[in-house]
Structure formats: C-alpha cells, structure tokens
Amino acid sequence: MKILVTGGAGYIGSHTCVELLEAGHDLVVVDNLCNSKAAAIDRVLEIADGSLRLIELDIRDTAALTEVFQSERVDAVIHFAGLKAVGESTDLPVEYYDNNVGGTISLLQAMDAGDVRTIVFSSSATVYGDPHQVPITEDFPLTATNPYGWSKLMVEQVLKDLQASDERWSITLLRYFNPVGAHPSGLIGEDPNGIPNNLMPYISQVAIGKLDRLRVFGDDYPTRDGTGVRDYIHVVDLAQGHLAALDTHATTPGAHIYNLGTGSGVSVLEMRAAFEEACEQAIPYEIVDRRPGDIAECWADPSRARVALNWQATKSLMDMTRDGWRWQSRNPDGYQE
Ligand code: NAD
Ligand code: WQD
C-alpha cells in the first residue's frame, strides 16, 4: 500500500515509518517539522530500505495537501501530526485546537477530495481522564482535563461523526498509553525540545548529565510505593500496532477503537530502578509535590486489540530502558550534530 503519514518525522511517526517500510509499504511523509527534524527521516532510511518521500507541509494548508492527494495514489493515512505538550496546551489553547482539530479537519477534506477514506488516528489514554478503576477498557467514560485532551476527544468525535455520515470511511482510533524507549538500532528516538515533561526522557537526561536529578512528583498516591503508576509501552510495539490496525481495517469500513498498552503498570520509582540497571549508574532523585492534574494510576486492558488486531506488546521494561538509554547515550543532543 501507499501510506501517507502525517507527523512522520516525529517520535512515534519515525518508528512507525521504519515498521511500514520493513513491511513493504511505500510512504509519503507530510510534516511541517515544528517539533522534529528532517534528519529523523534520513535515519529511518538508514534503518529500512524502501520508498519514502518527505514533503514539508503544514496539514492546515488544505490546498497544498489536496495537491499531494491528487499527485500521489495514496491508499490510507496514518495521522500523527499534532501538538502534544499538556502544560503548554493550557497556555496556548487556541494554537492546540487550531493545530490538532483544525489540522485534522483540513486533512479529512483533502482526503475526501482525493478519494482516500481510511485513516488511523493517534489518540491517547488522556481521553479517559481520571479513570474510576483500572485496567481501562475502551468503553470507559471519556473526558478531558486540559485543552490537549479535549483536542483528542474532539477529533475522535469528528471522526466518529464522519464515519456515521458516510459508511465508506474506515476510521481507527488508537489510544496510546505511555510510549517510551527507542528503536534498538540507536538511530532514532525521542528528541524533546528544552527540559522534558515526560518521565523517561527526563530520567535519560539525568543519566547523561544534562539534568541534576529526577524530581518525583509525589510519593503519597494510593499505589504500591506511593508514586504514580503508568502503562509504559515500547515505541516499537506501538508502531507495530499501527501496522496491525492497517492490516485489519484498511479495507473494513467502520469506526474501530483500541487501547494500545501492555496491560501492566509501572511506578515512577520502578522506572527509575529499571533505568539505573540499563545505564549502570545511579539516578539521583528527590520527592517533590504532586504535579497538578496528575492521576494516581492508569493502565490499559489491551485485550480488544489482542483479539481483533492479533497484536500485543512484546517488549519488556528492560527493553524500554536499554533501548531508551542506547538512543540517549549515542545521541546526547538528539538529532543535532
Ligand atoms: P512528535 O511531536 O514527536 O510528533 C508530531 C509530529 O507532527 C512532529 O514531527 C511535528 O513536526 C508534526 N506536526 C505538528 N503539527 C503539524 C502540522 N500542523 N502539520 C504538519 N506536521 C505537524 O509527537 P509524538 O510523540 O510522535 O506523537 C505523535 C502523535 O501521538 C501526536 O498526535 C500525539 O498527540 C499522540 N500521542 C502521543 C503520546 C506521547 O506520549 N508521545 C501519547 C499519546 C498520543
Ligand atoms: C509519568 C509519571 C508523573 C516526570 C503524559 C500526558 C498524556 C500522554 C503521555 C499524550 C507520572 C511522573 C513525570 C517527572 C515524575 N501524552 N513524573 N517526574 O503524565 O502519564 O502522560 O504523557 O497523549 O496525555 O499527560 O506521563 O511521563 O509525564 O508522567 O515524577 O519529571 O511520572 O507524575 O506519575 P503522563 P509522564
């Protein structure tokens, strides 16, 4: 198939491009590089052979995007492009709604004009808000606590409404839990701008000496060691979930929704200990106040994806930390030379 990947130069997109190329698909990547570098695509092509064209374009430019669909015979779209920093979304709500919701609407218009009606969308476990229990199944109540989360929920609604109005569409909503780690080659990985917000890139930068210590946000949660528990999933497992979704649904119209997680929770202190083992050095830490908006625990029931997509995460916590550390130690400044 020829697949158009929006946001394909980003963290999850680049890993998915590798898996898609290795499975023999042809790729068109559309990315405005607002949170990524073209070097990531060069690295993708060092890992995997195949056909990949990078087009530097903002998906809100509907006219230019429509031209891409006219000139390339695209079969399906995987849609990663968007802004993802939760805290920033509270400061810049209009930018987040414009990019994430407006960008998706522009994409859907260009797809429709190009007669392409299969889309796999990057949603997030954030749409479950503070879940009433764990593990979380796909039919749990949906809510959001910040503009980023609302933008994901809004896009989910737009896609569901579109499919309900026109049954030719195949839409798949993949709700990612906490993606971490990097490709085992050490060539691609997460390259955050500034001080990382997320746990694993923060720990990595402590290990490499860029940050002095980990700040653990609260040790008084009702969890086994008092720190927050999350369902961390290796980014390569996550990437493979997209292939499984395409294999299963590219020609199946309908609205399909899946959790992509491992089904088990890891605490902040457990993640720190696993990273210490991977990098063979101590990660200093201190306990500080809870981060506003954080929840105690969140992990997936991934059984729907296992049954319907024949997909499940296979990589361990040690794979996540070892691969994350390999990327960080070989590329201390990310894609910057
Ligand atoms: P990322 O920032 O690394 O990748 C997003 C890519 O989209 C970047 O390359 C960026 O340049 C591009 N982009 C942004 N706006 C664009 C626009 N208007 N036009 C064209 N390109 C644009 O983020 P990621 O971690 O790879 O996340 C990918 C998707 O998965 C996002 O939609 C994110 O919300 C979602 N998601 C991420 C996580 C996570 O923890 N990383 C969890 C759940 C869901
Ligand atoms: C994990 C745990 C923190 C940093 C976020 C988004 C979510 C999704 C994934 C996109 C929590 C603790 C963290 C630190 C810490 N993104 N922590 N010190 O908050 O589960 O999810 O990323 O969709 O929408 O909200 O991930 O990695 O930030 O935090 O103690 O410096 O690590 O309190 O318990 P989170 P995270």
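For the structure, see preceding data.
Because the structure is a prediction, the values reported are computed rather than measured. (Residues numbered from 1 in each chain as written. Chains lettered and ligands numbered in written order. Predicted model: local features only at pLDDT ≥ 70, side-chain atom pairs only at ≥ 80, totals over all residues. Heavy atoms only, no water.)

J.: Help me get a handle on the sheet that holds strand 9 (residues 229-230), residues and values and all.
T.: A sheet is described by the order of its strands in space; here three strands give the open sequence 12-9-14, paired in mixed fashion. The sheet terminates laterally at strand 12 (266-267) and strand 14 (297-298), the two strands that pair on one side only. As judged from the two bridges shared by strand 9 and strand 12, these two strands associate in the antiparallel manner. Residue pairing across strands places Val229 opposite Ser267, the latter belonging to strand 12. (Pairing = 2+ DSSP bridges. Helix = DSSP H or I, 4+ residues; strand = E, 2+ residues; numbered from the N terminus.)

J.: Got a sec to walk through the layout of surface pockets? Specific residues and values, please.
T.: If you roll a probe as big as a water molecule over the atoms, it shows you where there is empty space left. One number sums up the size of the second largest pocket: a volume of about 160 Å³. Its residues assigned to classes, the lining of the second largest pocket shows four nonpolar, six polar and five charged. (1 Å grid on protein atoms, 1.4 Å probe; cavity = no way out; pocket = protein on both sides within 12 Å on 5 of 7 lines; lining within 4 Å. Points joined across faces, edges and corners; volume = space filled by probe spheres on them. Nonpolar A, V, L, I, M, F, W, Y, C, P; charged D, E, K, R; others polar.)

J.: How would you sum up the side chain of His234? Please name residues and give values.
T.: Of note, His234 is situated in strand 10 (residues 232-234). Leave out the neighbours within four places in its chain, and His234 touches Val180, Ala182, Lys315, Asp319, Met320 and Asp323. (Contact = heavy atoms within 4.5 Å.)

J.: Would you mind going over the nonpolar core in detail, with residue names and values included?
T.: Membership of the largest hydrophobic core comes to 41 residues, with the highest contact counts inside it found for Val5, Leu20, Leu27, Leu52 and Leu246. Within the residue set of this core, elements represented by two or more residues are strand 1 (2-6), helix 1 (11-22), strand 2 (26-31), helix 2 (39-47), strand 4 (76-79), strand 6 (170-176), helix 8 (235-249) and strand 11 (254-260). Tallying contributions element by element places helix 8 first for this core, with seven residues. In this structure Leu20 touches Ile3, Val5, His25, Leu27, Ile78, Leu243 and Leu246, once residues within four positions along its chain are discounted. By size, the runner-up hydrophobic cluster in this structure holds 28 residues, among which are Val74, Ala81, Leu107 and Leu162. (Core = buried A, V, L, I, M, F, W, Y, C linked by side-chain atoms within 4.5 Å. Buried < 20%, exposed > 50% of the residue type's maximum accessible area, 1.4 Å probe, protein only.)

J.: Mind laying out the site of ligand 1, listing which residues take part and the relevant values?
T.: As a structural note, the neighbourhood of ligand 1 is formed by 27 residues, with Ile12, Asp31, Asn35, Ser36 and Tyr148 the closest of them. For ligand 1, an oxygen atom lies 3.3 Å from a polar atom in the backbone of Gly10. The separation between an oxygen atom of ligand 1 and a polar side-chain atom of Asp31 is 2.6 Å. Starting from 820 Å² of accessible surface for ligand 1 in isolation, the protein chains cover 95%. Secondary-structure elements contributing two or more residues to the shell around ligand 1 are helix 1, strand 5 (118-124) and helix 6 (147-165). Counting residues per element, the shell around ligand 1 draws most heavily on strand 5, which supplies three residues. Among the residues forming the shell around ligand 1, the class breakdown is twelve nonpolar, ten polar and five charged. (Near = heavy atom within 4 Å. Polar contact = N/O pair within 3.5 Å; in protein donor to acceptor, adjacent residues only side chain to side chain. Areas by Shrake-Rupley, 256 points an atom, 1.4 Å probe, with all protein chains shown as cover.)

J.: Tell me what's going on with the site of ligand 2, and back it up with residues and numbers.
T.: With respect to spatial proximity, 19 residues lie near ligand 2, and among them Ser124, Tyr148, Arg215, Arg230 and Asp294 are the closest. A distance of 2.7 Å separates an oxygen atom of ligand 2 from a polar atom in the side chain of Ser124. Relative to its free-state accessible area of 690 Å², ligand 2 is covered by the protein chains to the extent of 87%. Of all the elements in the fold, those that place two or more residues in the shell around ligand 2 are helix 7 (199-207) and strand 8 (214-217).

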